[in-house]
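Chain by chain, the residues:
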Amino acid sequence: MKTSSSLRRIAISAAIVAGLTAGIGFATEPTSCNLKVVKFYDKNANGLYDAGDRVIVGWPMTLGRAGSEARSTQLTNSSGQARWSLLPAGGGYWVGEAMPVESNWVQSAPVDADGNPVNPVTDVTLIAGRSKVIKFGNYCLAPSGGRTPGFWSNKNGRARLLDELDGAEEELALLRDLNLVDGNGLPFDPTTAEEVQAWINKTNATNMAAKLSSHLAAMVLNREAGFVNGTRTYLPFGGTINELIALANESLARDQFTPTGDEERAIQEQLKDHLDALNNGANAVAAKPCKRTF
């Protein structure tokens, strides 16, 4: 026996079907066509629903059909889905997502042949006996949370560094594990917080390896202190902050002295610029969905 809630859902579906097909030359009898939208948070901004990507709940999705003024809007459920059932077979359907008031949200999927996001998706054709699935991906941008080399050389950075050390010297050990160098290209392996503070904000770009070292050290300290999440994607770099750290360290292993004219200098300058931006709080893809208002 059908429950009252089941009967209400059937009645609602029938009403939507009638509205979407009214006045159009398609059959008005519902078939077994189903349309499902999957809404996911694209944490690496690659436009794909990857393993580990979370779904987004409560996002408005709207279904319509060409030639009809009828619309059906649903909020994605706990599975990140909006579903329409008992739709007539045929073409001309479209489905689109609402965009939040907050401007830091970006759509990443679906895209057209040129890689541009498509919203709404039009000319959707439903085939009798089959289900159609469309995936919408979005991500949001938020400040990295980074602190500059200057922070780590002032009293606030010193207090944080000494507090984090707590006698174990974990941060100093992390810095010694990197391929850091000084202005002369000699290894910088600090054993005290004072050495870090005296060095980190006094490097210059005469030896680009030294300047890269200071920004790499600041980022590693930021990550260890919890200011920065290394798994976040930084779009100008095209990868995660952890991957950026690894590449910078590899470059320093290859070449410790990079004055003007050195073939590694341009690479190190680009890596330094990325780290510099993030140490100054540049936007990166947030690790989880941000606030959204519709």
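Residues numbered from 1 in each chain as written. Predicted model: local features only at pLDDT ≥ 70, side-chain atom pairs only at ≥ 80, totals over all residues. Heavy atoms only, no water.

Covalent bonding between the sulfur atoms of two cysteines defines a disulfide. Following the criterion strictly, the structure yields one disulfide and no others. Between the sulfur atoms of Cys140 and its disulfide partner Cys290 the distance amounts to 2.1 Å. Here the S-S torsion is close to 85°, and the disulfide linking Cys140 with Cys290 is therefore right-handed. Highlighted residues: Cys140 in strand 8 (residues 131–143) and Cys290 in the segment after strand 11 (283–285), separated in sequence by 150 residues. (Disulfide = S-S within 2.5 Å. Helix = DSSP H or I, 4+ residues; strand = E, 2+ residues; numbered from the N terminus.)

Where charged atoms from two side chains of opposite charge come close, those side chains can pair. What the rule picks out here adds up to four salt bridges. Here Glu194 and Arg158 are joined by a salt bridge, their closest N and O atoms 2.8 Å apart. Residue Glu194 is found in helix 5 (residues 193–200), and its partner Arg158 is found in helix 3 (residues 155–165); the two are separated by 36 residues along the sequence. The exposure class assigned to Arg158 is partly exposed, which follows from its relative accessible area of 28%. A salt bridge links Arg254 to Glu264; the nearest nitrogen and oxygen atoms lie 2.6 Å apart. Of this pair, Arg254 sits in helix 7 (residues 241–254) while Glu264 sits in the loop between helix 7 and helix 8 (265–279), and the two are 10 residues apart along the sequence. Classification of Glu264 by relative accessible area gives buried; the value is 10%. (Salt bridge = Lys/Arg side-chain N within 4 Å of Asp/Glu carboxyl O. Buried < 20%, exposed > 50% of the residue type's maximum accessible area, 1.4 Å probe, protein only.)

A separate point is the packing of aromatic side chains. Scanning the entire structure with this criterion turns up eight aromatic pairs. Between Tyr41 and Trp105, the aromatic rings sit 6.0 Å apart at their centres with planes inclined by 85°, giving edge-to-face as the arrangement. You can see Tyr41 sitting in strand 1 (residues 33–41) and its partner Trp105 sitting in strand 6 (residues 105–109), a full 64 residues away along the chain. Residue Tyr41 is classed as buried on the basis of its relative accessible area of 1%. (Phe/Tyr/Trp six-rings, centres within 6.5 Å; stacked < 30°, edge-to-face > 60°.)

Burial runs high along strand 1: seven of the nine residues are buried. Direction of pairing for strand 1 relative to strand 4 (residues 81–87): antiparallel, over a ladder of five bridges. In the sheet register, Cys33 faces strand 4, and the bridge partner there is Leu87. Across eight bridges, strand 1 lies against strand 8 in parallel orientation. (Pairing = 2+ DSSP bridges.)

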